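A structural walkthrough
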Amino acid sequence: MPEAGFELRDLLKLMQTLRDPDIGCPWDAKQDFKSISHCTVEEAYELFDAIQVGDMAHIKEELGDLLFQTVFYAQMADEQGDFDFNDIVDGLTRKLVRRHPHVFPTGDLHQPTQTRLSEEDVKAQWEVIKQEERKNKKQTRQFDDIPAALPALIRAYKIQKRLQNVTSLEDKKAEMIDLLDKLTDPGEEQSPQVLVGELLFEVADFARQLGVDSEAALAVKNQAVVRQESERE
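This write-up is about the structure you can find in this document.

1. Quick notes on the environment of Arg19
Locating Arg19 in the fold gives a position in the loop between α1 (8-18) and α2 (26-30). Each C-alpha atom, one on Arg19 and one on Gln31, is 8.8 Å from the other, the two residues being twelve residues apart in sequence. In this structure the side chain of Arg19 is engaged in a polar contact, spanning 2.8 Å, whose partner is the backbone oxygen of Gln31.

Shown next, in the form of structure tokens:
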């Protein structure tokens, strides 16, 4: 390893070598977008876990693994003539400049001019920009840009945020109690699966209105239970 450490260009070269059919790795060379997609999901969750624990060394490692996934996809796309890593960086940078007109009012990355907006103004501006992006992508339905493959609690949060439900917390609490009563009612006609789904959706919305990420909250609770049980062993 060089004393100064490796750089991004070294990682790109490494990926190119791994994919080389003559001198590369047989496993890496035979992969395609679909075959490694599950790895991408796993790496994202491993990073999420590391962040919950707060282990910075682990976070650094998992960020590297996630970056490697991007480099892997970029190399495969480059081989097919679709796009390369630089195209990804260019597209991302252009999108972020476009999404922050209060920082880059002229659309020039090199000429930032901070416009003092409140957090609420920034959020409102963001929604307008996102609506325009959805229109340009011909995503005409309200939830077209919310991936169906997201974990259910995260997807529920995004759906509820889009709906901007204004039901009071007391009314939401009453709805959840009603669902709990139905779940213990032997004469209830709706299936437990339907009722539990409705209850979880309401709980997620209740959490959202409290400013709590229900997915993150449940992840913390799961980790706490695992830790407690491990200490008892």
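2. Quick word on helix α6 (residues 119-136)
The first and last C-alpha atoms of α6 sit 26 Å apart over 18 residues, in line with the 26 Å expected at 1.5 Å per residue. The set of residues buried in α6 consists of Ile129, Lys130, Glu133 and Arg134. One side of α6 carries all its buried residues, which in axial view fall inside an arc of 140°. Across α6 from its buried face, at more than 90 degrees, point the exposed residues Glu120, Val128 and Lys135.

3. Some thoughts on the environment of Gln75
Mapped onto the secondary structure, Gln75 falls in helix α4 (residues 56-80). Residues Gln75 and His110, spaced 35 residues apart in sequence, show a C-alpha to C-alpha distance of 29 Å. Leaving out residues up to four positions away in the same chain, Gln75 has contacts with Met15, Gln16 and Arg19.

4. Focus on a nonpolar patch on the surface
A cluster of nonpolar residues, Leu180, Leu183, Val196 and Leu200, forms a patch on the protein surface that exposes about 310 Å² of accessible area. For the nonpolar patch, the secondary structure elements donating two or more residues are α8 (169-183) and α9 (192-209). Position of Leu183 relative to the elements: it lies in helix α8.

5. Quick look at the layout of surface pockets
What the largest pocket holds in volume is close to 450 Å³. Of all the secondary-structure elements, those providing two or more residues to the lining of the largest pocket are α6 and α7 (152-163). Of the residues that constitute the lining of the largest pocket, the class distribution is six nonpolar, two polar and nine charged. Taken as a whole, the second largest pocket encloses approximately 330 Å³ of empty space. Per element, the largest residue contribution to the lining of the second largest pocket is four residues, and it comes from α4. Within the lining of the second largest pocket, the residues separate by chemical class into three nonpolar, three polar and no charged.

6. Here's the deal with the side chain of Gln31
With respect to the helices and strands, the residue Gln31 is situated in the loop between α2 and α3 (33-53). Here Trp27 takes part through its backbone oxygen, which lies 2.8 Å from a polar atom of the side chain of Gln31. Other than its neighbours up to four places away in sequence, Gln31 contacts Arg19, Ile36, Phe72 and Met76.

7. Brief notes about the packing of α3 against α4
Between α3 and α4, the shortest axis-to-axis distance is 8 Å and the interhelical angle comes to 160°. Viewed along their axes, α3 and α4 adopt a mutual orientation that is roughly antiparallel. At the point where α3 passes α4, the crossing takes the left-handed sense. Within the contact between the two elements, α3 uses Phe33, Ile36, Ser37, Cys39, Thr40, Glu43, Ala44, Glu46, Leu47, Ala50 and Ile51 and α4 uses His58, Ile59, Glu62, Leu63, Asp65, Leu66, Gln69, Phe72, Tyr73, Met76, Ala77 and Gln80. Class assignment for the residues of the contact of α3 with α4 results in 14 nonpolar, five polar and four charged.

8. Overview of a negative patch on the surface
Taken together, the side chains of Glu42, Glu46, Asp49 and Glu61 define an acidic patch exposed on the protein surface. The element contributing the most residues to the negative patch is α3, with three residues. Checked against the element boundaries, Glu46 lands in helix α3.

Conventions adopted
Residues numbered from 1 in each chain as written. Predicted model: local features only at pLDDT ≥ 70, side-chain atom pairs only at ≥ 80, totals over all residues. Heavy atoms only, no water. Helix = DSSP H or I, 4+ residues; strand = E, 2+ residues; numbered from the N terminus. Polar contact = N/O pair within 3.5 Å; in protein donor to acceptor, adjacent residues only side chain to side chain. Expected span 1.5 Å × (residues − 1). Buried < 20%, exposed > 50% of the residue type's maximum accessible area, 1.4 Å probe, protein only. Arc of directions from axis to C-beta. Contact = heavy atoms within 4.5 Å. Patch = residues over 30% accessible without salt bridge, like charges linked within 9 Å, V, L, I, M, F, W, Y side chains within 5 Å. Areas by Shrake-Rupley, 256 points an atom, 1.4 Å probe, with all protein chains shown as cover. Salt bridge = Lys/Arg side-chain N within 4 Å of Asp/Glu carboxyl O. 1 Å grid on protein atoms, 1.4 Å probe; cavity = no way out; pocket = protein on both sides within 12 Å on 5 of 7 lines; lining within 4 Å. Points joined across faces, edges and corners; volume = space filled by probe spheres on them. Nonpolar A, V, L, I, M, F, W, Y, C, P; charged D, E, K, R; others polar. Axes fitted to C-alpha atoms, helices over the stretch in contact; angles between N-to-C directions. Parallel < 35°, antiparallel > 145°, perpendicular 65-115°, else oblique. Left-handed = near helix turned anticlockwise from the far one by under 90°. Lys, Arg positive; Asp, Glu negative; His and termini not counted. Charge placed at Lys NZ, Arg CZ, Asp CG, Glu CD.

It is worth stressing that arrangement in space is one thing and function is another; only the former is reported here.
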